[in-house]
Amino acid sequence: TIANLLERCKNYFPTKIAYISVLIAVFIPTNLITIYAYMNQPSELYMSEDERSAYKWINKNTSDSSVFIENISQGYSLLPVFTHQRLFIGNLPWLEQWGIHRGKIKSRMELIRKLFNNSNSIKTIQEIKTIIHDPLYIIVKKKDLVQFPKSVLEFGNDKKNFRKVYENNTVWIFALINGS
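Remember, it's a predicted structure, so these values are computed and weren't measured experimentally.

The next subject is the overall build of the protein chain. Along the backbone of the protein chain there are 8 helices and 5 strands. Written out in order from the N terminus, the α and β elements of the protein chain read α-α-β-α-β-α-α-α-β-α-α-β-β. A sequence separation of at least 24 residues applies to 55% of the contacts in the protein chain between residues at least 6 apart. Just so you have it, the protein chain exposes about 11900 Å², and 60% of that area is on carbon and sulfur atoms.

This part takes up the pattern of salt bridges. Applying the stated criterion to the full structure yields 6 salt bridges. Across the pair Lys141 and Glu51 runs a salt bridge, and its minimum N-O distance is 2.9 Å. Pair noted here: Lys141 is in strand β3 (residues 136-141) and Glu51 is in helix α2 (residues 49-61), with a separation of 90 residues, a long-range link. Glu51 carries the same exposure label as Lys141, and that label is buried. Lys141 is the salt-bridge partner of Glu70, the closest N and O atoms lying 3.0 Å from each other. Within this pair, whereas Glu70 is found in strand β1 (residues 67-70), its partner Lys141 is found in strand β3, the two being separated by 71 residues in sequence. Take Glu70: its relative accessible area is 4%, and that puts it in the buried class. Where salt bridges share partners, they join Glu51, Glu70 and Lys141 into one cluster.

Of note, His84 is a non-glycine position whose phi angle comes to about 60 degrees, a positive value. Looking at where His84 falls in the secondary structure, it is placed in the loop between α3 (79-83) and β2 (86-87). Taking relative accessible area as the criterion, His84 reaches 69% and is therefore assigned exposed.

Parameters at a glance
- Residues numbered from 1 in each chain as written.
- Predicted model: local features only at pLDDT ≥ 70, side-chain atom pairs only at ≥ 80, totals over all residues.
- Heavy atoms only, no water.
- Helix = DSSP H or I, 4+ residues; strand = E, 2+ residues; numbered from the N terminus.
- Contact = heavy atoms within 4.5 Å.
- Areas by Shrake-Rupley, 256 points an atom, 1.4 Å probe, with all protein chains shown as cover.
- Salt bridge = Lys/Arg side-chain N within 4 Å of Asp/Glu carboxyl O.
- Buried < 20%, exposed > 50% of the residue type's maximum accessible area, 1.4 Å probe, protein only.

Limitation: the analysis is restricted to geometry and does not speak to function.
Below is the structure:
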């Protein structure tokens, strides 16, 4: 029986080597090409250099208890990933996954929309302040200006409620002033 088993292995051994060689020839270069392409892709595919600079500023100049508001109508934000800071709304898919009530998400999204649209801004700010008592910052990106064209101008002109703390070509950060 051992002799028969060895004989069978001899017969299949060249076939197995051929299969393994083909698999290696196909998969290793493909994976290397994928890794090379990923490593050399421009970071602008997911984050601009201006956003990266803003996140670095946040890391250096804000406390760990800070909370950030930004337009996340696309459903996600890279801010928690690169700064370890909290978002007023959070990341929508994660919130739903962890069972955060849909009504709470919708009400906070509505507050963000009102804030960026500057509708009832004093009332909106007061509502936000009843929810968040930590230092609060608002991030406006150039791409937000398509949906909310007056937001940078409105936040910048409202000296009673907001103070511009950071600015570059495509990102503006405003601090919410507590005394209003």
